[in-house]
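# Geometric and topological summary
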Amino acid sequence: MKKEMILVTGGTGYIGSHTVVELQKAGYPVVIVDNLSNSNEEVLDGITNITGIKPEFVKADCTDMEAMKALFAKYPGIKGIINFAASKAVGESMQKPLLYYRNNLDTLMNLLDLMAVHEVKGIVFSSSCTVYGEPDENPVTERSPIKKATSPYGNTKQISEEIITDVINAGAPFKSIILRYFNPVGAHPSAEIGELPNGVPQNLIPYLTQTAIGIRKELSVFGDDYDTRDGYCIRDFIDVVDLARAHVIAVERMLEDKSDAKIEIFNLGTGNGLSVMELIEAFERATGVKVPYKIAPRRAGDIEQVWADPSYANDVLGWTADTPIDDTMRAAWAWQCRLRDRGIM
Ligand code: NAD
Ligand code: WQD
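Conventions used here
Residues numbered from 1 in each chain as written. Chains lettered and ligands numbered in written order. Predicted model: local features only at pLDDT ≥ 70, side-chain atom pairs only at ≥ 80, totals over all residues. Heavy atoms only, no water. UniProt positions renumbered as here; feature names shortened; annotations may be inferred. Helix = DSSP H or I, 4+ residues; strand = E, 2+ residues; numbered from the N terminus. Rg over C-alpha atoms; globule rule 2.2 N^0.38 Å. Contact = heavy atoms within 4.5 Å. Areas by Shrake-Rupley, 256 points an atom, 1.4 Å probe, with all protein chains shown as cover. Lys, Arg positive; Asp, Glu negative; His and termini not counted. Charge placed at Lys NZ, Arg CZ, Asp CG, Glu CD. Axes fitted to C-alpha atoms, helices over the stretch in contact; angles between N-to-C directions. Parallel < 35°, antiparallel > 145°, perpendicular 65-115°, else oblique. Left-handed = near helix turned anticlockwise from the far one by under 90°. Nonpolar A, V, L, I, M, F, W, Y, C, P; charged D, E, K, R; others polar. Expected span 1.5 Å × (residues − 1). Buried < 20%, exposed > 50% of the residue type's maximum accessible area, 1.4 Å probe, protein only. Core = buried A, V, L, I, M, F, W, Y, C linked by side-chain atoms within 4.5 Å. Near = heavy atom within 4 Å. Polar contact = N/O pair within 3.5 Å; in protein donor to acceptor, adjacent residues only side chain to side chain.

Per an unreviewed UniProt entry, the recorded name for the protein chain is UDP-glucose 4-epimerase, and the organism is Heminiphilus faecis. Per its UniProt entry, the protein chain bears the Subunit (unreviewed entry) comment "Homodimer."

In structure tokens, the structure reads:
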């Protein structure tokens, strides 16, 4: 059966590009819209090298309603949307809250407006485990309490979930699946696509791989005195390809009307918490490369520990994140080496 067209906003970004690959592999025609504020057009070549299919690409800002109308006029076959486009740096959102509220919320609201007009069947939304804040207990389920957001970025995810819920409860003629990602890491095993951090990385894995390759002197491990099994923060690190696969299942579920629910929420994680030190050890074990590090003070605002109960997604979507962490670390390292070989980083 011929698959319907999917619009992937933010599709040249980290998670978006991996998702485009999985969509193409599943037979979906894809249109990417991205303003290239945090990615570049060469990602399209990486995708094409993996799948042999060059995705349609529109350089536009999703907050620009006229540009988005023109996009829907050009591609009237769009039946599903995956909305990755957003600004995502937690620290920057504290400095520039309006930029975050405008970019993340206007993008979503424009899409919701256009979906009704163009008979789009569903939208997958990228949410985050940040909505659970510091959880009272782990693992967190989709019913765990939502905590007051501690950054404008986190708040945009909570507000976006509420906007989608309100719009659908008000009778909008489409469905939505909200996916709460835990900590996405790794890269495509081909090393054709991966994460491209802007400037000094704020997240653990890009900082770690840049240190291992010599761009950074040493990794600062933020805090060794947490109330956890080894004193380090614990996260649920999920392989980006596993994460990408879940989006294909979610899109299919909406387009093929596999559920009566108009709105569904799923945690996407492995179910296993790893400490920061355990992750460093996994990287060194998997790659044979040493990571110079020092213990540094705690980072303000960090969550002590959070990991997912992914059983709802496992049962309902028939999806599991099953890439072994060592494979994920090897892929992250291969990607970092590829960036060096191409003279990019
Ligand atoms: P990313 O920055 O790599 O990708 C986002 C893409 O969206 C970029 O290519 C950027 O250029 C584009 N973009 C931003 N604003 C846009 C706009 N107004 N119009 C068009 N394009 C725009 O980020 P990512 O890590 O791939 O994250 C994708 C989504 O997942 C985001 O919504 C993010 O908040 C969410 N998320 C990410 C993580 C994570 O740790 N990476 C965790 C949870 C949720
Ligand atoms: C992980 C662990 C750090 C860097 C952030 C956002 C969250 C979500 C994912 C989108 C922490 C430690 C890090 C370093 C370190 N994004 N660390 N040295 O903080 O779990 O989540 O990204 O929704 O909203 O807040 O991810 O990769 O920054 O940190 O020791 O140089 O690694 O303290 O314990 P985090 P992270």
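From this point on, the discussion continues.
Our next topic: the overall build of the protein chain. Within the protein chain, the secondary structure is distributed over 11 helices and 13 strands. Taking 2.2 N^0.38 as the reference for a compact globule, 345 residues should give roughly 20 Å; the C-alpha atoms of the protein chain span a radius of gyration of 19 Å, in line with that estimate. Referenced to the eigenvectors of the C-alpha coordinate spread, the extents of the protein chain come out at roughly 55 × 45 × 40 Å. Pairs at least 24 apart in sequence give 79% of the contacts found in the protein chain among residues at least 6 apart. Put simply, the protein chain shows about 14,800 Å² of open surface, and 50% of that area lies on carbon and sulfur atoms. Measuring between centres, the 35 positive side-chain charges of the protein chain sit 3 Å from its 47 negative side-chain charges.

A few words now on the packing of helix α5 (residues 97–118) against helix α6 (residues 152–169). In contact at an axis separation of 10 Å, α5 and α6 are set at 20° when each is read in the N-to-C sense. The angle between α5 and α6 falls in the class roughly parallel. As α5 runs across α6, the sense of the crossing is right-handed. Contact with α5, carried on its side by Pro-97, Tyr-100, Tyr-101, Asn-104, Leu-105, Leu-108, Met-109 and Leu-112, involves Pro-152, Tyr-153, Asn-155, Thr-156, Ile-159, Ser-160, Ile-163, Ile-164 and Val-167 of α6 and no other residues of that element. Classifying every residue of the contact of α5 with α6 by side-chain character gives 13 nonpolar, 4 polar and no charged.

A few words now on the packing of helix α1 (residues 14–25) against helix α8 (residues 240–255). To describe two helices that pack against each other, one gives the angle between their axes and the distance between the axes. Where α1 contacts α8, the two axes come as close as 8 Å, and the packing angle between them is 60°. In terms of axis orientation, α1 runs oblique to α8. The two elements α1 and α8 cross, and the hand of that crossing is right-handed. On α8, the residues that touch Tyr-14, Ile-15, His-18, Thr-19, Glu-22 and Leu-23 of α1 are Val-240, Val-241, Leu-243, Ala-244, Arg-245, His-247 and Val-248. When the residues that make up the contact of α1 with α8 are grouped by side-chain class, the tally is 8 nonpolar, 3 polar and 2 charged.

Here we come to α6. End to end, α6 covers 25 Å across 18 residues, agreeing with the expected 26 Å (1.5 Å per residue, within 8%). Within α6 the residues assigned to the buried category are Pro-152, Tyr-153, Gly-154, Thr-156, Lys-157, Gln-158, Ser-160, Glu-161, Ile-163, Ile-164 and Ile-168. In the stretch just after α6, Gly-171 is the one whose phi turns positive, near 100°.

This part takes up the nonpolar core. In terms of nonpolar packing, the biggest core is built from 38 residues, with Ile-6, Leu-23, Leu-179, Leu-268 and Trp-319 touching the most fellow members. Breaking this core down by element, the ones donating at least two residues are β1 (5–9), α1, β2 (30–34), α2 (43–51), β6 (175–181), α8, β11 (263–268) and α10 (311–317). Discounting residues that sit within four places of it in the chain, Leu-23 has contacts with Ile-6, Val-8, Tyr-28, Val-30, Ile-82 and Val-248. Grouped together as the second largest cluster of nonpolar side chains are 29 residues, Cys-62, Met-68, Tyr-75 and Val-120 included.

Close to ligand 2 lie 18 residues; Ser-128, Tyr-153, Ser-220, Arg-235 and Asp-302 are nearest. At 3.4 Å, a backbone N or O of Gln-202 approaches an oxygen atom of ligand 2. Phe-222 is positioned such that a nitrogen or oxygen atom in its backbone is 2.9 Å from an oxygen atom of ligand 2. If you list the elements that add at least two residues to the shell around ligand 2, you get α7 (204–212) and β8 (219–222). No other element matches β8, which puts 4 residues into the shell around ligand 2.

With that settled, consider the site of ligand 1. In the region of ligand 1, 28 residues are neighbours, and Asp-34, Asn-38, Ser-39, Asn-103 and Tyr-153 sit closest. Within the backbone of Asn-35, a nitrogen or oxygen atom sits 3.1 Å from a nitrogen atom of ligand 1. At 2.6 Å from an oxygen atom of ligand 1 is found a side-chain nitrogen or oxygen belonging to Tyr-153. The protein chains hide 94% of the 820 Å² of surface that ligand 1 would expose on its own. If you list the elements that add at least two residues to the shell around ligand 1, you get α1, α5, β5 (122–128) and α6. Counting residues per element, the shell around ligand 1 draws most heavily on β5, at 3 residues. When grouped by side-chain class, the residues that make up the shell around ligand 1 number 11 nonpolar, 13 polar and 4 charged.

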